[in-house]
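# Commentary on secondary and tertiary structure
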Amino acid sequence: SSAEFLHDPAEPIPSLGGAALFNLSPDEAITAEHWADLNAQAGSRDQRPIESRCVTFTSAPLDEPLEITGPVTALVYLSSSAVDTDIVVRLCDVYPDGRSMLLCDGIQRARYRTSPFKPDLLQPDSPVELKVDLWATSNLFRAGHRIRVILSSSSYPRFDVNPGTGQSMFANTTPVKAL
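So, here is what we can say about the structure in this document. (Residues numbered from 1 in each chain as written. Predicted model: local features only at pLDDT ≥ 70, side-chain atom pairs only at ≥ 80, totals over all residues. Heavy atoms only, no water.)

What follows covers the side chain of Ser-154. Here Ser-154 is to be found in the segment after β6 (146–152). Here the side chain of Ser-154 touches Ile-13 through a polar contact of 2.7 Å, landing on its backbone nitrogen. (Helix = DSSP H or I, 4+ residues; strand = E, 2+ residues; numbered from the N terminus. Polar contact = N/O pair within 3.5 Å; in protein donor to acceptor, adjacent residues only side chain to side chain.)

Given below as structure tokens:
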């Protein structure tokens, strides 16, 4: 199945939960600058607030329970109008009441798809294969639940925003919007 979405580095998709390791106590949170930006509520969180800005793939309701346990990897084929992009993959358990609860997630920067040390920029609008490690999980999807995969190009502030230029967001560069 194919789909399209816009990545705007100026308006990244926010992180909602996940395997974040923020270490501020509630007392420190009161004095922390930009506490809300840290998204300190790690773990399984409802992803519905961001889903309208992402591409989602959702199964039909399950007829019987399904357990998944172990490493989770997504193989994604994509093309971008930019020379670099990220792909964020979130795996969710969708409850009958509509909650879309995050189980695990991962990110892959396109320019490091073949090597973590040697950048390989994209040829705009040419498809590439990206392997995204979502780490491991163990979940029992109950009968009546759905399985959902959410795709985007950002999860900020957990991961830095890709400007689409092949450089770091911290370099003196002008970010580009990308399809």
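After that view, the rundown keeps rolling.
It is worth spelling out the packing of aromatic side chains at this point. Scanning all chains against the criterion turns up zero aromatic pairs. The ring of Tyr-95 has Arg-99 sitting right over it, with the charged end atom 4.2 Å from the ring centre. (Phe/Tyr/Trp six-rings, centres within 6.5 Å; stacked < 30°, edge-to-face > 60°. Lys NZ or Arg CZ within 6 Å of the ring centre and 35° of its normal.)

Oppositely charged side chains can pair when the atoms bearing their charge come close. For the structure shown, the criterion picks out nine salt bridges. The residue Arg-148 makes a salt bridge to Glu-51 at a minimum N-O spacing of 2.9 Å. Taken together, the residues Arg-148 in strand β6 and Glu-51 in helix α2 (residues 48–51) connect sequence positions 97 residues apart. For Glu-51, a relative accessible area of 12% corresponds to the buried category. Of the charged contacts in the structure, one is a salt bridge between Asp-84 and Arg-111, with a shortest N-O distance of 2.4 Å. Here Arg-111 lies in the loop between β4 (100–109) and β5 (128–141) and Asp-84 lies in the loop between β2 (66–78) and β3 (86–94), a separation of 27 residues in the sequence. One network of salt bridges, in which partners are shared, links Asp-86, Arg-109 and Asp-160. (Salt bridge = Lys/Arg side-chain N within 4 Å of Asp/Glu carboxyl O. Buried < 20%, exposed > 50% of the residue type's maximum accessible area, 1.4 Å probe, protein only.)

Everything listed here is a matter of geometry and, on its own, says nothing about what the molecule does.
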